[in-house]
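# Structural overview for review
Spelled out from the first residue to the last, the chains are:
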Amino acid sequence: MALQLFNTLTRKVERFIPLDPAGRHVGMYCCGPTVHDFAHIGNFRTFVFTDLLRRYLEFRGLDVLHVMNITDVEDKIIKRVHQQQTTLKDYTGKYEAEFLKDFDALQCKRPHILPHATEHIPEIIALIEKLLARGIAYQAADGSVYFSIEKYRGCGCKYGQLVNLNFDGMRVGDRVASDEYEKESVADFALWKQRVPEDGTVFWRSPWGEGRPGWHIECSAMSIKHLGESFDLHLGGEDLMFPHHEDEIAQSEGALNLPAGRRFVEHWMHGSHLLVEGKKMSKSLGNFFTLRDLLAKGFSGREIRYLLLTAHYRAQFNFTLDGLAAARVALARIDECVGKLRELAGAASMPPGPELPLQFTKAMDDDLNVSAAWGAVFDWVTETNKKLAAGQLKGPQAAAALEAWKRVDEVFGLGSPPSDDVPPEVLALVEERQAARKAKDFKRSDVVRDQLKALGWVVEDTAKGPRVKRI
Ligand code: AMP
Ligand code: ZN
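Keep in mind the model is a prediction, meaning the values are calculated, not measured. All residue numbers refer to position in the chain's written sequence, counted from 1. Naming scheme: in the order in which they are written, chains are lettered from A and ligands are numbered from 1. Residues qualify for local features only when their pLDDT is at least 70, as the model is predicted, and side-chain atom pairs are given and counted only at 80 or more; totals for whole chains, interfaces and linings, by contrast, use all residues. Side-chain metrics in this entry use all non-hydrogen atoms of the structure; hydrogen atoms and water are not considered.

## Observations concerning the overall build of the chain
- The numbering of helices and of strands both runs from the N terminus, where a helix is a DSSP run of H or I of at least 4 residues and a strand a run of E of at least 2. Helix and strand counts for the chain stand at 15 helices and 15 strands.
- Oriented by its inertia axes, the alpha-carbon framework of the chain measures out at about 80 × 50 × 45 Å.
- We call a residue buried when its accessible area falls under 20% of the maximum for its residue type, exposed when it is over 50%, and partly exposed in between, using a 1.4 Å probe and counting protein chains only. Taking all 471 residues of the chain together, the buried fraction comes to 52%.
- Whether two residues are in contact is decided by their heavy atoms, any of which lying within 4.5 Å being enough. A separation threshold of at least 6 residues defines the contact pool for the chain, and within that pool the share at least 24 residues apart is 74%.
- Working definition of accessibility: Shrake-Rupley area with a 1.4 Å probe, residue cover restricted to the visible protein chains. About 21,100 Å² of surface is accessible on the chain, with carbon and sulfur atoms providing 52% of the total.

See below:
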């Protein structure tokens, strides 16, 4: 089966065909964090989903260019900068660094490009100028530049591609200046916001006076700059469908005047929101978790990643601490099985057994059906454990099984458990090797190194002493 993915634009699961005529390169843009605070576990559901998709595309042999922006100027940020009497750079720099720490802790692959909105002001201005030149944007009496929905529709373009909109109550020229608004208040939205006293030192010069960009135009400018006028995939959480992504389409297709049949983005994908203990996360309900809150409770980023990966990206997911504890147990089951295979395989090397990767691919090709994929993994764990218990596996078969798991784990990205799970016999050998080296008995230390290798471990000598890791 070919890879099938749901497309919010067509509301259908459809075959994913890259725009690249060679069928190899894929451009993927994901709306990144608004760095106004620590990201919460819901945000990370979306980022883990985008990481899963990227890894799966790579697993399918595609060459993905992954772009994720950092929104470092928008309404919420400006408000906080003003409240805290700080500078935009100091404020957003801190939260960006914290975000990336969390992102790494969840073992997400870093995007190839992480563009910042504030570093794309010339591109943003150029895009607005194109919209003005085409008569789709206008400067209002308040000095700000707005996108005209009426003019856009008048050009034969469709506003309301991702969501259905009701234009009956809409009054021509009604404007909305804020970055976030409801579907019911569909109105001309701000592309460039005229500087106001509350903006403090946050402003840039433009042909329309001092001001700052609207949130939506930032993503249009950055995605076009890094992926071109028409690209394959655009991702985000479901809340971004409207207005953010609808406005991105309107600005981009309005400014670019693409040839017939061409779209700004071929395939839009949206992750369903995460609930916590059955409810929307809120600080007052006490169900608001950042990643660091969960790490402080003793869970690892790897366990949280695993839990987030157990639910289909379009299914509602209820995050609970009990669920996280259960995830720890399930993951330990996989780790135990894989650990035994490693020991048995030792230094043997074999190509992967075909069955697990095959079942996995079948499941994931079906719009990233992780439930079926995990089903295949746990069936494999049960079967492997049976064979291990019956002494039916020798080194080479264990190596083949291990390679099969490694293939699958290129996508799930769980890797090995942290090294504090190093078995006692391995630790004992590491100590023995250290003692031998101290005594300058290098022959003995080499023998111990080989023994470790046979158990599936390598030891590295670092400035802080020996460090042991799985092969
Ligand atoms: P923000 O930093 O608010 O721009 O959000 C970053 C990403 O997290 C966006 O793609 C949002 O759609 C997504 N997001 C926000 N809340 C949740 C949630 N509760 N569950 C899943 N994704 C979310
Ligand atoms: Zn965006």
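## Description of the packing of aromatic side chains
- Centre distance within 6.5 Å is the pairing criterion for rings of Phe, Tyr and Trp, where only the six-membered ring of Trp is used; planes under 30 degrees apart are then read as stacked, over 60 as edge-to-face, and the remainder as tilted. One pass over the full model with this rule turns up 25 aromatic pairs.
- For the ring pair Trp374 and Phe378, a centre distance of 6.4 Å and an interplane angle of 40° mean the geometry is tilted. Here Trp374 and its partner Phe378 are both found in helix 12 (residues 370-389), four residues apart, which amounts to about one turn of the helix. Of the two residues, Trp374 and Phe378, both sit in the buried class.
- Geometrically, a lysine NZ or arginine CZ counts as sitting over a ring once it is within 6 Å of the ring centre and also within 35 degrees of the ring normal. Just above the ring of Phe167 sits the side chain of Arg153; from NZ or CZ to the centre is 3.6 Å.
- Above the ring of Phe6, the side-chain terminus of Arg314 is found at 4.1 Å from the ring centroid.

## Quick notes on the coordination of the zinc ion (ligand 2)
- Only nitrogen, oxygen and sulfur atoms qualify as donors, and only when within 2.8 Å of the metal (3.2 Å in the case of Na, K and Ca); with water excluded, sites may look incomplete. Coordination sphere of the zinc ion (ligand 2), protein contribution only: Cys31 (SG), Cys219 (SG) and His244 (NE2), at 2.0 to 2.2 Å.
- Expressed as a motif, the donor residue spacing for the zinc ion (ligand 2) is C-x187-C-x24-H. In this pair, Cys31 sits in the loop between strand 3 (25-30) and helix 1 (41-59) while His244 sits in helix 7 (residues 241-256), placing the two residues 213 residues apart along the sequence.

## Observations regarding the side chain of Thr92
- For Thr92, the position within the fold is in helix 3 (residues 88-105).
- Overall, the relative accessible area of 7% leaves Thr92 in the buried class.

## Some words on the domain arrangement of the chain
- Assigned domains of the chain: these are domain 1 (20-275), domain 2 (321-419) and domain 3 (424-470).
- For the purposes of this description, domain bounds are those given by an automatic or database domain assignment. Inter-centroid distance (C-alpha atoms) of domain 1 to domain 2 is 39 Å.
- The term buried area denotes the loss of accessible surface (1.4 Å probe radius) that occurs when two parts are joined, taken as the sum for both partners. Where domain 1 abuts domain 2, roughly 1,000 Å² becomes buried across the two surfaces, and 63% of that area is made up of carbon and sulfur atoms.
- When the area that domain 1 buries against domain 2 is broken down by residue, the three leading residues are Leu52, Tyr56 and Phe59, summing to 60%.
- A pair is scored as a salt bridge if a Lys or Arg side-chain nitrogen falls within 4 Å of a carboxyl oxygen belonging to Asp or Glu. Run the count over domain 1 and domain 2 and you get one salt bridge.

## Brief notes about the sheet that holds strand 11 (residues 265-271)
- The four strands lie next to each other as 4-3-10-11, forming an open sheet whose pairing is parallel. Of all strands in the sheet, those with a lone pairing partner are strand 4 (63-68) and strand 11, marking the two edges. Averaged over all pairs of adjacent strands, the angle between their axes in this sheet comes to 20°, without regard to strand direction.
- Bridge count for strand 3 against strand 10 (residues 231-237) is three bridges, and the pairing is parallel. Between any two strands, at least two bridges found by DSSP are needed for them to pair. Only the stretch in contact is used when fitting a helix axis, every axis being a line fitted to C-alpha atoms; angles between N-to-C directions are given from 0 to 180 degrees.

## Overview of the packing of helix 12 against helix 13 (residues 395-412)
- Where helix 12 contacts helix 13, the axes come no closer than 12 Å and their chain directions differ by 155°. In terms of orientation, helix 12 and helix 13 fall into the roughly antiparallel class. Judged by the twist between their axes, the crossing of helix 12 over helix 13 is left-handed. Residues Val370, Ala373, Trp374, Val377 and Trp380 of helix 12 touch helix 13, and the partners they reach there are Ala401, Trp405, Val408 and Phe412. Note on terminology: angles under 35 degrees are roughly parallel, angles over 145 are roughly antiparallel, angles of 65 to 115 are roughly perpendicular, and the others are oblique. Should the near helix be turned anticlockwise from the far one by less than a right angle, the crossing is termed left-handed; should it be turned clockwise, right-handed.

## Focus on the layout of surface pockets
- Here the term cavity refers to a set of points on a 1 Å grid, laid over the protein atoms alone, in which a 1.4 Å probe fits but cannot get out; the term pocket refers to an open set having protein on both sides within 12 Å along at least five of seven lines, with lining residues being those that place an atom within 4 Å of a point. Grid points are joined across faces, edges and corners, and a volume is the space filled by probe spheres set on the points. In this structure, the largest pocket encloses a volume near 1,200 Å³.
- Lining the largest pocket are 41 residues, with His40, Asn43, Glu180, Asp239 and His273 sitting closest to its centre.
- Listed by contribution, the elements that provide at least two residues to the lining of the largest pocket are helix 1, helix 2 (75-83), helix 3, strand 10 and helix 7.
- Looking at the lining of the largest pocket, its residues break down into 18 nonpolar, 11 polar and 12 charged. Nonpolar residues are Ala, Val, Leu, Ile, Met, Phe, Trp, Tyr, Cys and Pro. Charged residues are Asp, Glu, Lys and Arg, and all others, Gly as well, are polar.

## A closer look at the packing of helix 11 (residues 355-365) against helix 12
- At a minimum axis distance of 7 Å, the contact between helix 11 and helix 12 shows a crossing angle of 165°. Between helix 11 and helix 12, the angle is such that the two are roughly antiparallel. Judged by the twist between their axes, the crossing of helix 11 over helix 12 is right-handed. Between helix 11 and helix 12, the contacting residues are Leu356, Gln359, Phe360, Ala363 and Met364 on the first element and Val370, Ala372, Ala373, Ala376, Val377 and Trp380 on the second.
- Broken down by class, the residue content of the contact of helix 11 with helix 12 amounts to 10 nonpolar, one polar and no charged.

## Some details on empty space enclosed by the protein
- In this structure the tally under the stated criterion is one cavity of 30 Å³ or more.
- Approximately 120 Å³ is the volume found for the largest cavity.
- The biggest single contributor to the lining of the largest cavity is helix 1, with five residues.
- When grouped by side-chain class, the residues that make up the lining of the largest cavity number nine nonpolar, four polar and one charged.

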